[in-house]
Amino acid sequence: MRRVVVTGMGAVSPLGVGVERFWNNLVNSKSGIRRVDRFNPEGFACQVAAQVPSVEEDPEGGFDPLVAMPTKEVKRVDLFIRYALVAAKEAIEQAGWQPHKDTARQRTATIIASGVGGLTTMTSATKHVEANGPRRLSPFIVPSFLANLAAGQVSITHGFKGPLGTPVTACAASVQALGDAARLIRADEADVAVAGGAEASIDPVSFAGFSAARALSSSYNDTPSAASRPFDKARDGFVMGEGAAILLLEERQHAIERGAEIICELSGYGTSADAHHVTAGPEDGSGALQAMQLALAQSSLSPEAIGYVNAHSTSTPLGDLAELAALTRLFPTRGKTLAVSSTKSATGHLLGATGALEAIAAIKALTTGTLPPTLNLQDPEVSAGNMPIEFDLVPESAVKRELSHVMSNGFGFGGVNAAIVFSSTHP
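A quick note: this is a predicted structure, and the numbers were derived from the prediction, not measured. (Residues numbered from 1 in each chain as written. Predicted model: local features only at pLDDT ≥ 70, side-chain atom pairs only at ≥ 80, totals over all residues. Heavy atoms only, no water.)

**A closer look at the environment of glycine 179**
Move 1: Mapped onto the elements, glycine 179 comes out in helix 8 (residues 173-186).
Move 2: Expressed as a C-alpha distance, the spacing of glycine 179 and isoleucine 111, which sit 68 residues apart in the sequence, is 9.7 Å.
Move 3: In contact with glycine 179, other than residues within four places in its own chain, are Tyr269 and Ile420. (Helix = DSSP H or I, 4+ residues; strand = E, 2+ residues; numbered from the N terminus. Contact = heavy atoms within 4.5 Å.)

Structure below.
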C-alpha cells in the first residue's frame, strides 16, 4: 500500500490565522469564544460564538482575504470560500508544492469539505429576493454559496487538475475529506492532495435552528469563554465556531524524491454509520468505536500504541458521554497513560471544518510533545455507560508527553463517524 504523509498545513481559526498562531494560543489556554457581533443576538437562546478575528480586530493574527485573492473577487464568494483559500495558501506554501507540468497538476487532488456551504449568502439572498424581486440578484450568487466551490476555487487558483471533491457529512465532513484524499493517493489516482474543510455559518438562521434542537449552549451568555466545556458535568450544548483547515497530503516516496519536509504520516482512517438516529448517536458509542477500530486496523496498530486522542466531544450532554463510552471500550486498561482532550473548548465547533482543524492540533501534539488542554473542565464526568472514566482529560493546561501515534475523531448528524490516525515518520 502506498504510504501517505503530511507535508503542509494551513489554518484560519477563532484563535487566529496561521497554524503557529492557532497552536500557540491553543496550548496557552486561550479561548476564541466571545459574544456574537455578526448579528444582534438579543432574543436568541445562545448569544456566543467562536468567530475568526478580522484583520481590523487583530492586525497580526486576524483574517485578511487579500493575502490569497484579488480585491474584486472577495465579494463574489462566501466567507467559507475565502477562509479555504487563505488556509490552502498556507498549506501549499509550507509544502512547497507549485507544479509547473500538466502531468503533476493532473495528479493533484483537491478535497475540501463543508457541512453547510455558504449559509449566510443563501439567507441574505433570500431576503434580497423577498425585498427586491427575482431579477436583482448577482450572477455570481450560486457559485458563491455552493458547498463544492471551496474546493473548486482552490483548484482554479492553483491549477490543480486532479480529482475534485467535497464531502458534506455534517461535523465529520473534513475528517472524511482527509480520508477520501488519502484513499486517492493509496489507490494511485493522485500523488498529492489538498484536503480539509471550511465553514462560516454564524448566522441567525443557524443559531435559531440549532437552538430549536437544543444543541447550543445557552447558560453562559454572560461568560462566553466558559460556554464550551467538554466532559464537564455543567456542559449544556456546543458553541458554534468557524474557519478553515487544510492539509497537504502526499505519497511518501513522491515527497522524498522532491525533497519535501515530511511532518508526519497519515497511517490510518476509518468511517462508519450508526444507523440509529438523525441527530443522536447510540449511548454506547458503538458506531464511533467501529470507526476508531477501522482506523487502527488500517494503521496496523494496537490500541496501546495511541498516546493521545483529540476527541470530537462538542460539549453536549449525550454526545460527550457516548464518545467517552466508545473510548473506554477501545482503551479499557489505559487509564492515565492515554490522554484525551477536546480542543472545541477553545475553538468552539467549526461544524464541517472542525475535524481538519483538530487533525492539525493532533499533528502538532505529535510533533511537539505538547498536549492541548480541555478548557473549563472543573467537574469531569466519572463514568460513561457504567464504565469508569480514568483517562487523562488534560484539564485547563497543556501537558508534555512523548508520542508516536495520535488519533482524531469526527462525528456528525445522520450517524456518520470518522477517525484518523497520524504517526511519527519512520524509514
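**Topic: the pairing of strand 16 (residues 405-412)**
Move 1: Counting buried positions along strand 16 gives 8 out of 8 residues, so the element sits mostly inside the fold.
Move 2: Residues of strand 16 alternate between two faces, with His405, Met407, Asn409 and Phe411 on one and Val406, Ser408, Gly410 and Gly412 on the opposite face, all of them buried.
Move 3: Here strand 10 (residues 308-310) runs beside strand 16; their pairing, made up of 3 bridges, is parallel. Each residue of the ladder has a partner; that of asparagine 310, found in strand 16, is serine 408.
Move 4: Direction of pairing for strand 16 relative to strand 17 (residues 416-423): antiparallel, over a ladder of 8 bridges. Its bridge partner being in strand 17, glycine 410 is matched across the sheet by alanine 418.
Move 5: Linking strand 16 to strand 17, which pair antiparallel, is a turn of 3 residues; within it glycine 414 sits at a positive phi near 95°. (Buried < 20%, exposed > 50% of the residue type's maximum accessible area, 1.4 Å probe, protein only. Pairing = 2+ DSSP bridges.)

**Notes on the nonpolar core**
Move 1: Val6, Leu247, Leu249 and Phe422 are the most contacted members of the largest nonpolar core, which totals 55 residues.
Move 2: Looking at which element gives the most residues to this core, the answer is helix 14 (residues 354-368), with 9 residues.
Move 3: Sequence-distant contacts of leucine 247, defined by excluding residues within four places in its chain, comprise Val6, Gly8, Met9, Leu178, Ala193, Val194, Ala195, Ala356, Ile360, Ile363 and Phe422.
Move 4: Among the nonpolar cores identified, the runner-up in size contains 35 residues, and Leu79, Ala87, Ile92 and Trp97 belong to it. (Core = buried A, V, L, I, M, F, W, Y, C linked by side-chain atoms within 4.5 Å.)

**Some details on the layout of surface pockets**
The probe, sized like a water molecule, is rolled over the atoms to show the empty space still left.
Move 1: The computed volume of the largest pocket comes to approximately 870 Å³.
Move 2: Forming the boundary of the largest pocket are 39 residues, of which Thr279, Ala280, Gly281, Thr316 and Gly319 lie nearest the centre.
Move 3: Mapped by element, the contributors of at least two residues to the lining of the largest pocket are helix 12 (317-330) and strand 16.
Move 4: Residue contributions to the lining of the largest pocket peak at 8 residues, all from helix 12.
Move 5: By volume, the second largest pocket amounts to about 240 Å³. (1 Å grid on protein atoms, 1.4 Å probe; cavity = no way out; pocket = protein on both sides within 12 Å on 5 of 7 lines; lining within 4 Å. Points joined across faces, edges and corners; volume = space filled by probe spheres on them.)

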